[in-house]
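So you can see what is in the structure, the chains are spelled out below.
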Amino acid sequence: MNRPVGTRDIAGRRRGPELDVAIVGGGMVGAAAALALARAGFATALIEAREPAPWRVEDDVDLRVVGLAPSSIGLLDELGVWTSIRQARVGPYAHMHVWDAGSGAAIDFAAASSGQSELGCIVENSLVQSTLWQALDAAGVQRHCPAEVAGFEAREDRMQIELADGQSMAARLLVAADGAASPLRAMAGIGTRGRDYHQRGVVAHVRTERPHANTAWQRFLPTGPLALLPLADGRCSIVWSLPEEEAARVLALDDAAFCDAVGVASDFRLGRVTATSARAAFALQLKLAERYDAERFVLLGDAAHAVHPLAGQGVNLGLRDVIELRDTLVDTRAAGRDIAAPHVLRRYARRRRSADTLDALGFDTLARIYAWQAPPLVAMRGLGVRLLNRLAPLKQLVGGHAAGR
């Protein structure tokens, strides 16, 4: 049940809304934001159309996986959920090997070079989301599910929120974490810019002749990158970026032909591909919100930025948004100020939009560079990769940025 929109004291004076923050979108980023803010002492509600299915160890590994960077793992650990996730099923990796099909140039990253035990972990989306959801009630998060937002209106001290079932609620701040298509972003009149890559990311889990050696492998092909990511059960999760027609062709192959195609595309780096799961695909796009804030309203995660998956950083950027928003609101509350004051939301928006835009455009630039096929440009690209691999300080800087340090 919803709490009242607002209350009056014994003298009949209007008090503020009981909720500090209402978050729309119960995916990984939205659920992490709700848990982070609730644990920080904010009265928080989470609004989601569908409750996620519970994760079960007996189920096959979810096709949707994410490579969690150390910054994301640190946040989940702060929230008290990482131990459960790690004990369930994760694929840690301590090395990353990236090579170019055109020039043959390669670059390697190793956790040990920065004094770490691992570069990150490959984890099922459903495991992270399910674990976060299980922690919401104990943290005091009000869950409204199934529920959808029909409209909202900013008022002097609150955001008035109307739900599709006719109920209403109010909060000092409304957070949209409802995905790249974000209905709330459209309701707020915030536009986007970017481009359609006219590609699809083909995903599957494959078994290979040789072990993945706790290494994330990525080969850049003229048609797009192929990543082989280490899973806990010894298989690799692949994300293969392909032009739409080629993706459709690959998806239609039988299992044996698909395994052969992945083997060829990976240059048989892990030997033959011997088995595959079912396959799926998703559209690739670059989409950046023109701004991250409006009156008593902010964007979070994919609602603010959808990026090319070549660096595997989409969810990590969203979780960094969560950290920035939480810290901004905590500092503002400590100073005794309105957590949704325009200058407060502008500070969050300025910091994260700048960082997210640099990362998103960096990924886009890499995608363009690796699409070069003219021999002089391929040679120049190979020279750049070889130089980067030899310049340890610069390589550590790149690796540290990917880790969120």
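Before going into details, it helps to say that this report is about the structure given with it. Remember, it's a predicted structure, so these values are computed and weren't measured experimentally. (Residues numbered from 1 in each chain as written. Predicted model: local features only at pLDDT ≥ 70, side-chain atom pairs only at ≥ 80, totals over all residues. Heavy atoms only, no water.)

Here we look at helix H2 (residues 70-78)
Part 1 of the reasoning: Those residues of H2 lying buried are Ser71, Ser72, Ile73, Leu75 and Leu76.
Part 2 of the reasoning: Of the residues trailing H2, Gly80 is marked for its positive phi of about 80°. (Buried < 20%, exposed > 50% of the residue type's maximum accessible area, 1.4 Å probe, protein only. Helix = DSSP H or I, 4+ residues; strand = E, 2+ residues; numbered from the N terminus.)

Focus: the environment of Asn125
Part 1 of the reasoning: Within the fold, Asn125 resides in helix H4 (residues 125-139).
Part 2 of the reasoning: A sequence separation of 59 residues divides Asn125 from Val66, and the C-alpha atoms of the two residues are 6.2 Å apart.

So, the pattern of salt bridges
Part 1 of the reasoning: Enumeration over the complete set of coordinates arrives at 21 salt bridges.
Part 2 of the reasoning: Between Arg64 and Asp62 there is a salt bridge; the shortest N-O distance is 3.5 Å.
Part 3 of the reasoning: The salt bridge partner of Arg89 is Glu124, with a shortest N-O separation of 2.8 Å. Highlighted residues: Arg89 in the loop between helix H3 (82-88) and strand S4 (90-93) and Glu124 in strand S7 (residues 120-124), separated in sequence by 35 residues.
Part 4 of the reasoning: Here Arg89 falls in the buried class, since its relative accessible area comes to 15%.
Part 5 of the reasoning: Connected through shared salt-bridge partners, Glu51, Asp137 and Arg143 make up one network. (Salt bridge = Lys/Arg side-chain N within 4 Å of Asp/Glu carboxyl O.)

Quick word on the environment of His212
Part 1 of the reasoning: Looking at the element boundaries, His212 is found in the loop between strand S12 (192-208) and strand S13 (215-221).
Part 2 of the reasoning: The sequence separation of His212 and Ala147 amounts to 65 residues, and the corresponding C-alpha distance is 42 Å.
Part 3 of the reasoning: What His212 contacts, discounting residues up to four positions off in sequence, is Trp217, Pro230, Leu231, Gly234, Arg235, Cys236 and Leu270.
Part 4 of the reasoning: In this structure the side chain of His212 is engaged in a polar contact, spanning 3.0 Å, whose partner is the backbone nitrogen of Asn214. (Contact = heavy atoms within 4.5 Å. Polar contact = N/O pair within 3.5 Å; in protein donor to acceptor, adjacent residues only side chain to side chain.)

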